[in-house]
Amino acid sequence: MSLKNAYLQKVYDKVVAKNPNEAEFQQAVYEVLESITPAIEKNPAYEKANIIERMVEPERMITFRVTWVDDNGNVQVNRGFRVQFNSAIGPYKGGLRLHPSVCASVIKFLGFEQVLKNSLTTLPMGGGKGGSDFDPKGKSDMEIMRFCQSFMTELAKHIGADTDVPAGDIGVGAREVGYLFGQYKRLRNEFTGVLTGKGLSFGGSLVRTEATGYGLCYFVEEMLKDSNTSFAGKEVVVSGSGNVAIYAAEKAMELGAKVIAMSDSNGYVVDEAGIKLDVVKQIKEVERKRIKEYAERVEGAQYHEGCKGIWTVKCDIALPCATQNEIDLESAKALVANGCKVVGEGANMPSTIDAINYFLDNKVLFAPAKAANAGGVATSGLEMSQNSERLSWTFEEVDAKLHSIMVNIYKNAATTAKEYGFEGNLVVGANIAGFLKVADAMLAQGYAY
Ligand SMILES: NC(=O)C1=CN([C@@H]2O[C@H](COP(=O)(O)OP(=O)(O)OC[C@H]3O[C@@H](n4cnc5c(N)ncnc54)[C@H](OP(=O)(O)O)[C@@H]3O)[C@@H](O)[C@H]2O)C=CC1
Ligand SMILES: O=C(O)CCC(=O)C(=O)O
């Protein structure tokens, strides 16, 4: 892969040399460097201060051992990570992922994207990310608790309400955040907003649970409005059936769409009559079972083994809300061939670079993750504000703020794309808009930063 700008190519070559075998991190960096090219060429100050090489190098990366005891008395060892990527515009902020695929590359790609995403929210948050290769599937509640307590025993040394504020991501929801928060409080003897996504009885914010999925639909709705259309009457496919997927499906339905398919890492269900979300919530949020169960409980629904096949289901709008690189070129082609006109990314980096280019070349309205899924972290920022003033806002207040943040992110990305000669390309618009704020803050803070 080659970039048009020599300075950016030099930085990218160094990234590849210094981070070998880190395909996800290299991919995330490449996509950003390619799309910010016009901004680098417009203002030579960025190259002079070598801003890009500084931005692709995390400020700090912590790797640690997490030892815990399983229900059979065996001592288990996992690897924990926290990348504190960039604090130019605020304390490090970003989720924790618990999944066997977690490694340095995954954590770094997520941390790097988080920096630009958080910048787009307009709230004062730097970027970070963390997690572990611990697999929560099939673990008992006590095992999850012991793991979280051990994980936090080390992480607590590196975070704080004004330093670094983690939250949830894949495999980390309200239950895990509760165990992590309890352990932090025990270790530090302080009650602070050190994590977001907390339970409502101990400093959590209303709407945080729904925020990423709702925010995604608010963003897509705005994008559709600009093309004189809406969610009403559209058929929607949503991949995943976790936090982001469930609340994206809920809001899409509220806005008049029919969600016809959802998935998990084993397979997908199609329900032409429209997915019954109360059944999905019961299976996933309460019983923590597989999506396959849906077809056993709902007449007329079919289950298909293998998660990739979901992209062959005919739809108007696709909302990938599961994981990175879940849409490759082949899936992108299948979506377009079946008439899909809109893709809104709820997951982080769910489309490969080839898939994104295919969507753009085929005039699909494409909402890139950094912008479209920023509602989760934006609402985390609102949780931090409520914690600082020791107040709780109503559901309506937080939802209205989330809505206006998502509308503004859309407008900022669309206007920036147009300003730089890429009208309609929200990948370029979002990357440049997110980049400029961070880069200007870094310039103002001197070369040693
Ligand atoms: N939670 C948040 O606020 C935010 C999350 N995101 C991103 O959204 C995505 C989903 O996160 P979230 O909903 O919180 O996570 P959850 O753990 O709640 O749900 C993840 C869903 O994706 C599926 N999934 C996970 N890994 C894979 C895989 N390798 N292949 C296929 N399916 C997979 C899971 O299926 P299974 O149960 O079988 O593993 C599950 O249905 C991630 O990319 C995350 O980074 C982005 C912004 C904010
Ligand atoms: O709410 C947060 O801080 C984290 C959200 C997140 O991890 C993400 O935006 O990918």
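Residues numbered from 1 in each chain as written. Chains lettered and ligands numbered in written order. Predicted model: local features only at pLDDT ≥ 70, side-chain atom pairs only at ≥ 80, totals over all residues. Heavy atoms only, no water.

Asker: Can you help me understand empty space enclosed by the protein in this one?
Answerer: Unoccupied space between atoms shows up once a probe the size of one water molecule is rolled over them. Tallied over the full model, the rule gives one cavity of 30 Å³ or more. One number sums up the size of the largest cavity: a volume of about 70 Å³. Around the largest cavity, the lining residues are E31, E113, E345, M349, S351, I356, F366, P368, A369 and K370. Across the lining of the largest cavity, the residue classes tally to five nonpolar, one polar and four charged. (1 Å grid on protein atoms, 1.4 Å probe; cavity = no way out; pocket = protein on both sides within 12 Å on 5 of 7 lines; lining within 4 Å. Points joined across faces, edges and corners; volume = space filled by probe spheres on them. Nonpolar A, V, L, I, M, F, W, Y, C, P; charged D, E, K, R; others polar.)

Asker: What exactly am I supposed to notice about the environment of W68 here?
Answerer: Summarising the element assignment, W68 is placed in strand β1 (residues 60–69). Filtering out sequence-adjacent residues up to four positions away, W68 remains in contact with N74, V75, Q76, N78, F134, K139, E143, R146 and F147. At 2.8 Å, the side chain of W68 forms a polar contact with the side chain of N78. (Helix = DSSP H or I, 4+ residues; strand = E, 2+ residues; numbered from the N terminus. Contact = heavy atoms within 4.5 Å. Polar contact = N/O pair within 3.5 Å; in protein donor to acceptor, adjacent residues only side chain to side chain.)

Asker: Got a minute to help me understand helix α8 (residues 208–226) in this structure?
Answerer: The α-helix winds at 3.6 residues per turn, so residues separated by three or four positions along the chain end up facing the same way. Along its 19 residues, α8 runs 27 Å from first to last C-alpha, staying within 8% of the 27 Å computed at 1.5 Å per residue. Most pronounced at Y214, the bend in α8 amounts to some 30 degrees. Counting buried residues in α8 gives 16 out of 19 residues, a clear majority hidden from the surface. In the segment just after α8, N228 is the residue with positive phi, at about 55 degrees. (Expected span 1.5 Å × (residues − 1). Bend = angle between axes of the 7 residues up to and from the residue. Buried < 20%, exposed > 50% of the residue type's maximum accessible area, 1.4 Å probe, protein only.)

Asker: Can you walk me through the site of ligand 1 in this structure?
Answerer: Taken together, the neighbourhood of ligand 1 is formed by 26 residues, with D169, T212, S265, R290 and N348 sitting nearest. Here an oxygen atom of ligand 1 and a side-chain polar atom of D169 are 2.6 Å apart. One nitrogen or oxygen atom from the side chain of R208 is found 2.9 Å from an oxygen atom belonging to ligand 1. Within the complex, 85% of the 880 Å² of free accessible area of ligand 1 lies under protein. Grouping the amino acids of the shell around ligand 1 by side-chain chemistry returns six nonpolar, 13 polar and seven charged. (Near = heavy atom within 4 Å. Areas by Shrake-Rupley, 256 points an atom, 1.4 Å probe, with all protein chains shown as cover.)

Asker: I would appreciate a short explanation of helix α12 (residues 329–337) in the present structure.
Answerer: Taken as a whole, α12 has its buried residues at S331, A332, L335 and V336. Looking straight down α12, one finds that the buried residues subtend no more than 135 degrees of arc, so they occupy a single side. Exposed side of α12, more than 90 degrees from the buried face: E330 and A337 are the residues found there. For α12, the secondary structure elements touched by its buried residues are β10 (317–320) and α13 (353–361). Once α12 ends, the next one or two residues include G339, with phi positive near 95 degrees. (Arc of directions from axis to C-beta.)

Asker: How do you make sense of the sheet that holds strand β8 (residues 267–270) when you look at a structure like this?
Answerer: Neighbouring strands of a sheet are bound in pairs by backbone hydrogen bonds; such pairs are parallel or else antiparallel. Pairing is mixed in the open sheet, where seven strands are placed in the order β9-β8-β7-β6-β10-β11-β12. Each edge of the open sheet carries a strand with a single partner, namely β9 (302–305) and β12 (365–367). Adjacent strand axes in the sheet meet at a mean angle of 15 degrees, parallel and antiparallel pairs treated alike. Where β8 meets β9, four bridges bridge the pair, whose relative direction is antiparallel. Counted as the bridge partner of V270 is Q302 from β9. (Pairing = 2+ DSSP bridges. Axes fitted to C-alpha atoms, helices over the stretch in contact; angles between N-to-C directions.)

Asker: Looking at this model, I keep getting lost on the site of ligand 2. Mind explaining?
Answerer: Close to ligand 2 lie 14 residues; K93, K117, K129, R208 and S380 are nearest. Note that an oxygen atom of ligand 2 is positioned 2.7 Å from one of the side-chain N or O atoms of K117. Contacts to ligand 2 include R208, whose side-chain N or O atom sits 2.9 Å from an oxygen atom. Protein burial of ligand 2: of its 290 Å² of free accessible surface, 94% is covered by the chains. Residue assignment for the shell around ligand 2 shows that the elements contributing at least two residues are β3 (92–98), α5 (104–120), β5 (164–168) and α15 (375–389). Grouping the constituent residues of the shell around ligand 2 by class yields two nonpolar, seven polar and five charged.

Asker: Would you take a moment to explain the nonpolar core for this structure?
Answerer: Grouped burial of nonpolar side chains is what soluble globular proteins tend to show. Ranked by internal contacts, the top residues of the largest apolar core, which has 61 residues, are F219, V220, F231, V238, M262, Y294 and L319. Here the element with the most residues in this core is α8; it accounts for nine residues. If you look at the next biggest cluster of nonpolar residues, it comprises 44 residues, including Y7, V29, I89 and L110. (Core = buried A, V, L, I, M, F, W, Y, C linked by side-chain atoms within 4.5 Å.)

Asker: Hey, could you run me through unusual backbone geometry in this one?
Answerer: Glycine aside, the phi torsion of most residues is negative, and most peptide linkages are trans. If you check the backbone angles, N50 has positive phi at about 50 degrees while not being a glycine. With respect to the helices and strands, the residue N50 is situated in the loop between α3 (44–48) and α4 (51–55). Judged by relative accessible area, N50 falls into the partly exposed class, the value being 26%. With phi around 55 degrees, N228 is a residue other than glycine that occupies positive phi space. Within the secondary structure layout, N228 lies in the loop between α8 and β6 (235–239).

Asker: What's the story with the pairing of β6 in this structure? I'm lost.
Answerer: The side chains of a regular strand alternate between the sheet's two faces. Among the five residues of β6, four are classified as buried, and the element is accordingly described as predominantly covered. Handedness of the β-α-β unit built from β6, helix α9 (residues 243–254) and strand β7 (residues 258–263) comes out right-handed. Across four bridges, the pairing between β6 and β10 is parallel. In the sheet register, V238 faces β10, and the bridge partner there is L319. (Right-handed = clockwise from strand over helix to strand, strands pointing away.)

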